[in-house]
Number of protein chains: 2
Amino acid sequence: MSLLVTGSLGIDTVETPHGRAAEVLGGTAVYCSFAASLFVPVRLVGVVGEDFPPAFRDLFSSHEIDLAGLETRAGSKTFRWTGKYEGAMNEAQTLGVDLNVLAERGPSIPASFTDSDYVFLANTHPALQRDLLGQLDQPKLVVCDTMNLWIENERDELIKTLGVVHGVVLNDCEARMLTGETNLIKAAKRILDFGPRFVVVKKGEHGSLLAGEDVVFVLPAFPAEEVRDPTGAGDSFAGGMLGYLASVDRQDIGALKQAVVRGTVTASFTIEDFSLNRLRKTEKHELAGRLAELLGATQLSA
Amino acid sequence: MSLLVTGSLGIDTVETPHGRAAEVLGGTAVYCSFAASLFVPVRLVGVVGEDFPPAFRDLFSSHEIDLAGLETRAGSKTFRWTGKYEGAMNEAQTLGVDLNVLAERGPSIPASFTDSDYVFLANTHPALQRDLLGQLDQPKLVVCDTMNLWIENERDELIKTLGVVHGVVLNDCEARMLTGETNLIKAAKRILDFGPRFVVVKKGEHGSLLAGEDVVFVLPAFPAEEVRDPTGAGDSFAGGMLGYLASVDRQDIGALKQAVVRGTVTASFTIEDFSLNRLRKTEKHELAGRLAELLGATQLSA
């Protein structure tokens, strides 16, 4: 099945207790695409500026990521993010953001992509998420992400978007902020009231929570000993999830639980090194090995 | 099989965002005993002052908790703790502690209890934990708890104790403090180097982590929507764990995983109300119901 991923492509500078990486490839759609491409071919939709390094573009060529929807806009600059993680690295501190091309008009979905069955709308303005969705024929499953900025400043637009997607993936702080509920189970159930059929709350090193009608499924993070840079973990999680769902062409709750497991395993590679350094080198047999390891560490029957 | 529990009995005053409870029954050995008594009869060893309310003592009578090892010391006062939880209630702020009788000599283990097979040494001075252990014949399984005070001020004594127990249960902050490792998997493995065969790291609302030689098992907390007071959750967890192990008379890693599941379920009752209000009313069929619910929320095969 076809999977379309939209979101940001960026140039990141990140510092963690384990080192620093300057001017490296980043962005929500990038992490998500590389992650999903471990399961299915990916159609990427996004915009970069004319400063987007050719070397970054080359990194995609070894993966099944179709760049027909990647616009390089003349006269514009690529999105840039500078951030820092301290201590247990549970939360990024943003030191600087240059929206650049992301502050201009959004990307267009090429005609060859409009028949996509599975769609991930990574974090961007919720009205733009709906606009992108409107360019698609009849996807089987649409999942979006969001962020604190839209929850605070574009709440009405976000709630409209939540009304037209099948699922939403967001982190624990965002779930609490969106609902005013401290308890994450309550928060997840409140989010379902806005329309989605399921919600996944990402809790960083504490794993994730899937909630659907009458169903709650909680999974710890992969028991990783080496975490160098958590950047992109959440997007890799979403990519692994959506990639898996597209690969099995299912949207039922059983498949969603299995998808959360795949998302967790996929993200465990991302955090082992800076940028895409580890994720893009991940091979399918490594993914299978860690899947077995995660099941052994969380399932009584494994 | 016989289970002996030692630790504190206290008079607590607790405030949370959901209310306040003044001068209520508390203490590590109390939560642990009530929890374990859902699985096996419990032998309680501890000391209270002559001010320990008869009404508190009466609460034990409806449970299979043998008070032959409970000393009421004339001229002494019962341990008192005053604390507060805010926000997501992940950490207690201690507003006041009166050690009282706990600052005097420790309890003695009655002759009728020295043949105990399973032993939980709740948090107290690590030298006293070893002293209590020395009064026992040949227990099959000894598990201890500890706290930041001993990690900071009595590290050598604590390491001696860790060298003579089979297992240790402690929280995430304590595990990090004891080892200097931020990563909890690494911290748990470092603790195994001190001698215990297994370690359980309690992560509050984020569940727990069991580590033994070549084994890591991570389990989320029970997906509870109603949390009124987390006091005693960790001790109830340990009580449910030890009670289960004693009830099946096993100490292997498979049983330890199952014990972590029982500990998690048992603690979920404690946190629903202040003091022992909910835990002491818990019935076995309720425990079985939540066990099924926890397995459904965490196990793919459930």
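None of the values given here were measured: they were computed from a predicted structure.

Colleague: Looking at this model, I keep getting lost on the overall build of chain A. Mind explaining?
Modeller: Across its full length, chain A holds ten helices and 13 strands. The C-alpha radius of gyration of chain A comes to 18 Å, within 12% of the 19 Å expected for a compact globule of 302 residues. The C-alpha extent of chain A, read off along each of the three principal axes, is 55 × 40 × 35 Å. The buried share among the 302 residues of chain A stands at 58%. For chain A, the proportion of contacts with a sequence separation of at least 24, taken over those separated by at least 6, is 64%. Charge centroids of chain A, computed over 28 positive and 40 negative side chains, lie 2 Å from each other.

Colleague: Looking at this structure, I do not really get the pattern of salt bridges. What am I missing?
Modeller: Side chains that differ in charge, positive against negative, can pair when their charged atoms come close. Per the counting criterion, the structure on display carries 37 salt bridges over all chains. The closest approach of N and O atoms between B:Lys189 and A:Glu225, which form a salt bridge, is 2.6 Å. Remark: A:Glu225 occurs in the loop between strand 13 (215–219) and helix 8 (233–248) and B:Lys189 occurs in helix 7 (residues 184–192); the pair is interchain, linking two chains. With a relative accessible area of 36%, B:Lys189 lands in the partly exposed category. A salt bridge links A:Asp273 to A:Arg228, with the shortest nitrogen-to-oxygen separation between them at 3.0 Å. Within this pair, whereas A:Asp273 is found in the loop between helix 9 (253–270) and helix 10 (284–298), its partner A:Arg228 is found in the loop between strand 13 and helix 8, the two being separated by 45 residues in sequence. If you follow the salt bridges from partner to partner, you end up with A:Glu71, A:Arg73, A:Glu104 and A:Arg105 in one network.

Colleague: Help me understand the relation of the copies chain A and chain B, please; the structure alone is not making it clear to me.
Modeller: The relation between the two copies of this chain is a rotation about an axis and a shift parallel to it. The two copies are related by a screw motion: chain A maps onto chain B through a turn of 180° and a shift of 0.0 Å along the axis, at an RMSD of 0.0 Å. Here the symmetry operator amounts to a two-fold rotation axis. Most of the interface of chain A is mirrored in chain B, where 100% of its interface residues again form contacts.

Colleague: Could you clarify how one ought to interpret the interface of chain A and chain B in this entry?
Modeller: Reports often express the size of an interface as the amount of accessible area lost when the parts come together. Taken residue by residue, the interface counts 30 residues in chain A and 30 residues in chain B. Taken together, the two surfaces of chain A and chain B that pack against each other cover about 2600 Å², and 54% of this comes from carbon and sulfur. It is A:His206, A:Glu225 and A:Leu300 in chain A that bury the most area against chain B; as a group they hold 25% of the surface buried on that side. If you look at where chain A meets chain B, you find six salt bridges. For the pair chain A and chain B, the number of links is twelve residue pairs in polar contact (both at pLDDT 80 or more).

Colleague: Can you walk me through the packing of aromatic side chains in this structure?
Modeller: Each aromatic ring pair is described using two quantities: the centre-to-centre distance and the angle formed by the ring planes. All names here are of chain A. Scanning the entire structure with this criterion turns up six aromatic pairs over all chains. Ring centres of Phe 34 and Phe 60 lie 5.0 Å apart, and the angle between their planes is 40°; on these two criteria the pair is classed as tilted. Within this pair, whereas Phe 34 is found in helix 1 (residues 28–36), its partner Phe 60 is found in helix 2 (residues 54–60), the two being separated by 26 residues in sequence. The exposure class of Phe 34 is buried, given its relative accessible area of 1%. With a relative accessible area of 1%, Phe 60 lands in the buried category. Geometry around Phe 269 places Arg 290 over its ring, the cationic atom sitting 3.9 Å from the centre.

Colleague: What is the right way to look at the environment of A:Met177 in this model?
Modeller: Residue and element names in this part refer to chain A. Along the chain, Met 177 turns up in helix 6 (residues 172–179). Classification of Met 177 as partly exposed rests on a relative accessible area of 37%. Sequence separation between Met 177 and Met 147 is 30 residues, and the spatial gap between their C-alpha atoms is 9.8 Å. Excluding anything up to four places from it in sequence, Met 177 contacts Asn 148, Ile 151, Glu 152 and Arg 155.

Colleague: Is there a simple way to think about the packing of helix 1 (residues 28–36) of chain B against helix 8 (residues 233–248) of chain B in this case?
Modeller: Between two packed helices, the angle of one axis relative to the other and the distance separating the axes together describe the packing. Residue and element names in this part refer to chain B. Packing of helix 1 against helix 8 leaves a shortest axis separation of 7 Å and a crossing angle of 40°. By the criterion of interaxial angle, the relationship of helix 1 to helix 8 is oblique. Considering how the two elements wind past one another, helix 1 and helix 8 form a crossing that is right-handed. Taken together, the residues of helix 8 that come into contact with helix 1 (itself represented by Thr 28, Tyr 31, Cys 32, Ala 35 and Ala 36) are Asp 235, Ser 236, Ala 238, Gly 239, Gly 240 and Gly 243. Split into classes, the residues belonging to the contact of helix 1 with helix 8 amount to five nonpolar, five polar and one charged.

Colleague: Mind showing me how you'd approach empty space enclosed by the protein here?
Modeller: Tallied over the entire structure, the rule returns one cavity of 30 Å³ or more. Of the voids in this model, the largest cavity is the one considered here, and its volume is about 30 Å³. Lining the largest cavity, in full, are A:Lys203, A:His206, A:Pro220, B:Lys203, B:Glu205, B:His206, B:Pro220 and B:Ala221. Partitioned by chemical class, the residues of the lining of the largest cavity number three nonpolar, two polar and three charged.

Colleague: Looking at this structure, I do not really get the sheet that holds strand 11 (residues 198–202) of chain A. What am I missing?
Modeller: As a general point, the strands of a sheet are linked pairwise by backbone hydrogen bonds and lie either parallel or antiparallel. All names here are of chain A. Overall, mixed pairing links the nine strands, which are arranged 5-4-1-8-9-10-11-12-13 in an open sheet. Edge positions in the sheet fall to strand 5 (65–73) and strand 13, since each has one partner strand and no second. On average, adjacent strands in this sheet sit at an angle of 15° to one another, irrespective of strand direction. Where strand 9 (residues 141–145) lies against strand 10 (residues 167–171), three bridges are found, and the strand directions are parallel. Each residue of the ladder has a partner; that of Cys 144, found in strand 10, is Val 168.

Conventions and cut-offs
Residues numbered from 1 in each chain as written. Chains lettered and ligands numbered in written order. Predicted model: local features only at pLDDT ≥ 70, side-chain atom pairs only at ≥ 80, totals over all residues. Heavy atoms only, no water. Helix = DSSP H or I, 4+ residues; strand = E, 2+ residues; numbered from the N terminus. Rg over C-alpha atoms; globule rule 2.2 N^0.38 Å. Buried < 20%, exposed > 50% of the residue type's maximum accessible area, 1.4 Å probe, protein only. Contact = heavy atoms within 4.5 Å. Lys, Arg positive; Asp, Glu negative; His and termini not counted. Charge placed at Lys NZ, Arg CZ, Asp CG, Glu CD. Salt bridge = Lys/Arg side-chain N within 4 Å of Asp/Glu carboxyl O. Least-squares fit on C-alpha atoms with pLDDT ≥ 70 in both. Buried area = accessible area lost by both parts, 1.4 Å probe. Polar contact = N/O pair within 3.5 Å; in protein donor to acceptor, adjacent residues only side chain to side chain. Phe/Tyr/Trp six-rings, centres within 6.5 Å; stacked < 30°, edge-to-face > 60°. Lys NZ or Arg CZ within 6 Å of the ring centre and 35° of its normal. Axes fitted to C-alpha atoms, helices over the stretch in contact; angles between N-to-C directions. Parallel < 35°, antiparallel > 145°, perpendicular 65-115°, else oblique. Left-handed = near helix turned anticlockwise from the far one by under 90°. Nonpolar A, V, L, I, M, F, W, Y, C, P; charged D, E, K, R; others polar. 1 Å grid on protein atoms, 1.4 Å probe; cavity = no way out; pocket = protein on both sides within 12 Å on 5 of 7 lines; lining within 4 Å. Points joined across faces, edges and corners; volume = space filled by probe spheres on them. Pairing = 2+ DSSP bridges.

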